Amino acid sequence: MTLWTQARRSARLNPSIIREILKVTEQPGVLSMAGGLPSADTFPVEAIRAACERVLSDSPKQALQYSSSEGFAPLREWVAAQLASQGMRLAPDQVLITTGSQQGLDLVAKVLVDPGAPVAVETPTYLGALQAFNPFEPIYASLAGDGEGPRPEALAALPHDAPGTRFAYLLPNFQNPTGRVIGAARRDALVAAAQAAGVPIVEDNPYGDLWFDAPPPAPLAARWPEGVIYLGSFSKVLTPGFRLGYLVAPPELYPKLLQAKQAADLHTPGFNQRVVHEVIKNGFLDQHVPTIRARYQRQCQAMAQALQQHMPEGTEWQVPQGGMFFWLRLPAGCDALALLPQAVAAGIAYVPGSAFFAPQPGHGPGQGADARTLRLSFVTLTPDDIAQGVALLGRVLREHLAKHAEPTP
């Protein structure tokens, strides 16, 4: 018996399968391709150390005091200028600095989702977004898609298939988990379909700067500024430890999102904001981010070569043009979740793809998902470790397929 009566929404709070897997992979000898962490070797430690010293020298009292809920004004202005250079039409007072872009997802759900309200998501989609949305008890409408992202006709059908859909959550650039990018023509078609259907869009873009050979097309928000909430992050291009993200909202929605943030944390840490602005204000990222891209591209190429060499026949994947992930579909007869303990025992870890599929009415998490899928991250291991890890995974899969092969008559 307990004295505590939990809210109904608490039943929809579940642990991140990725965080649980990371606990397992901490044991010695396991090569982890499970986490979505950026490479710690890319963190600009010296630039951050110098910026901390300047902030504490120039404005120590302001940096260590409470700050405004909207965020540090010069940082908001920097974000607005950067996004304007990508074709977005916005003012700095539409930028809300958040405690990581994950908080942005939480704020969006708090303001826009009622129990039983439809929310449209890609199939598959980002696990962290599902975790942010789930406590507010939406009904998910899954958007069918292909290698270039969700199909416009799936979005256009929402007024019939899921009337009252609050928004469509989309990741156009190097999506987590699939790694795919939505092309310019598909973006135009998706925005046109959303406008016709009267369904706004939440555009999540944590990976857009991590392109290899060519930058992705202009954001969805550049095509429909009044109908798109845009989320971005400093975690992948600078460091995740500061927990700094940002949200750009249409003017009519911004005040309510700001009120939701005030109720959550009053403000994003002011010291962190000032340090980050000190680092980036004079063009540091223009020199720093290309070094990340070059590093990740080498690792991506190493994984592509290893997959080609070691994966059993029938395994499917596309080589991403940026970001941090490969998305695999295993041969028939393979269940990625069921095979994970064998893989970890062999010394390799991944994330089963079932975690990235939204729960459907009458089903629990992962039910109705493609059990043959998994996600591999390539950015935290060396090319040699990537080759070794993929070889181990290939061995596990081949042994499983050989063990369960139908006997020849």
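Just above, that's the structure.
Residues numbered from 1 in each chain as written. Predicted model: local features only at pLDDT ≥ 70, side-chain atom pairs only at ≥ 80, totals over all residues. Heavy atoms only, no water.

> Give a detailed account of the overall build of the protein chain, specifying residues and quantitative values.
On a plain count of helices and strands, the protein chain comes out with 15 helices and 14 strands. For 409 residues, the compact-globule estimate of 2.2 N^0.38 gives 22 Å, and the C-alpha radius of gyration of the protein chain, at 22 Å, lies within 12% of that figure. Its C-alpha atoms give the protein chain principal-axis dimensions of about 75 × 60 × 50 Å. Put simply, 77% of the contacts in the protein chain that link residues at least 6 apart link residues at least 24 apart. For the protein chain, the exposed surface amounts to about 18,100 Å²; the carbon and sulfur share of it is 54%. One finds the centroid of the 32 positive side-chain charges in the protein chain at a distance of 4 Å from the centroid of its 35 negative side-chain charges. (Helix = DSSP H or I, 4+ residues; strand = E, 2+ residues; numbered from the N terminus. Rg over C-alpha atoms; globule rule 2.2 N^0.38 Å. Contact = heavy atoms within 4.5 Å. Areas by Shrake-Rupley, 256 points an atom, 1.4 Å probe, with all protein chains shown as cover. Lys, Arg positive; Asp, Glu negative; His and termini not counted. Charge placed at Lys NZ, Arg CZ, Asp CG, Glu CD.)

> Can you explain the side chain of Thr 42? Please cite residues and give values.
Here Thr 42 lies in the loop between β1 (31-32) and α2 (45-58). Among the residues examined, Thr 42 registers a relative accessible area of 8% and is labelled buried. Among the polar contacts made by the side chain of Thr 42, one reaches the main-chain carbonyl oxygen of Ser 39 at a distance of 2.7 Å. In this view, Thr 42 contacts His 288, Ile 292, Arg 295 and Tyr 296; residues no more than four positions away in its chain are not counted. (Buried < 20%, exposed > 50% of the residue type's maximum accessible area, 1.4 Å probe, protein only. Polar contact = N/O pair within 3.5 Å; in protein donor to acceptor, adjacent residues only side chain to side chain.)

> Please give an account of the pairing of strand β2 (residues 95-99) that cites residues and values.
Most of β2 sits inside the fold, with four of its five residues counted as buried. For β2 and strand β10 (residues 244-248), the ladder comprises five bridges, and the chain directions are antiparallel. Looking at the pairing, Leu 96 lines up with Leu 247 of β10. (Pairing = 2+ DSSP bridges.)

> Lay out the sheet that holds strand β13 (residues 351-352) in plain terms, naming residues and giving numbers.
Spatially, β11-β14-β13 is the arrangement adopted by the three strands of the open sheet, whose pairing is antiparallel. A single partner strand is all that each edge strand has here, and the edge strands are β11 (325-329) and β13. Pairing of β13 with strand β14 (residues 373-377) involves two bridges; the strand directions are antiparallel. Across the sheet, the residue bridging to Pro 352 is Leu 374, located in β14. On top of the sheet, helix α13 (residues 284-310) reaches β11 and β14; it is set at about 20° to β11, its chief contact. (Axes fitted to C-alpha atoms, helices over the stretch in contact; angles between N-to-C directions.)

> I'd like to hear about the pattern of salt bridges, residue by residue, with values.
A full pass over the atoms with the stated rule returns 14 salt bridges. With its nearest N and O atoms 3.9 Å apart, the salt bridge here joins Arg 151 to Asp 146. Residue Arg 151 is classed as partly exposed on the basis of its relative accessible area of 30%. The partly exposed category is assigned to Asp 146, whose relative accessible area is 35%. Residue Lys 261 is joined to Asp 265 by a salt bridge in which the shortest nitrogen-to-oxygen separation is 3.0 Å. Taken together, the residues span about one helical turn, with Lys 261 and Asp 265 both in helix α11 (residues 254-265) at a distance of four residues. Each member of the salt-bridge network shares a partner with another, and the members are Arg 54, Glu 278 and Lys 281. (Salt bridge = Lys/Arg side-chain N within 4 Å of Asp/Glu carboxyl O.)

> Explain empty space enclosed by the protein residue by residue, including any values.
Counting across every chain of the model gives one cavity of 30 Å³ or more. Size it by volume and the largest cavity reaches roughly 60 Å³. Lining the largest cavity, in full, are Met 88, Arg 89, Leu 90, Gln 94, Ala 221, Pro 225, Val 228, Tyr 230, Val 248, Ala 249 and Pro 250. Of the residues contributing to the lining of the largest cavity, the split by class is nine nonpolar, one polar and one charged. (1 Å grid on protein atoms, 1.4 Å probe; cavity = no way out; pocket = protein on both sides within 12 Å on 5 of 7 lines; lining within 4 Å. Points joined across faces, edges and corners; volume = space filled by probe spheres on them. Nonpolar A, V, L, I, M, F, W, Y, C, P; charged D, E, K, R; others polar.)

> Which residues make up helix α14 (residues 336-346), and what values go with them?
By the burial criterion, the buried members of α14 are Ala 336, Leu 339, Leu 340, Ala 343 and Val 344. Looking straight down α14, one finds its buried side chains confined to an arc of 150°; they lie on one side. Those residues of α14 that are exposed and aimed more than 90 degrees away from the buried face are Ala 338, Pro 341 and Ala 345. Between the side-chain oxygen of the N-cap and the backbone nitrogen of Leu 337 there are 3.0 Å, and the N-cap of α14 in question is Asp 335. (Arc of directions from axis to C-beta.)

> Outline helix α15 (residues 383-403), supporting the account with residue identities and numerical values.
With 21 residues, α15 should cover 30 Å at 1.5 Å per step; its first-to-last C-alpha distance of 30 Å lies within 8% of that length. Residues Ile 386, Gly 389, Val 390, Leu 392, Leu 393, Gly 394, Val 396, Leu 397 and His 400 constitute the buried set of α15. In this structure, the buried residues of α15 make contact with β1, α13, α14, β12 (348-349) and β14. (Expected span 1.5 Å × (residues − 1).)

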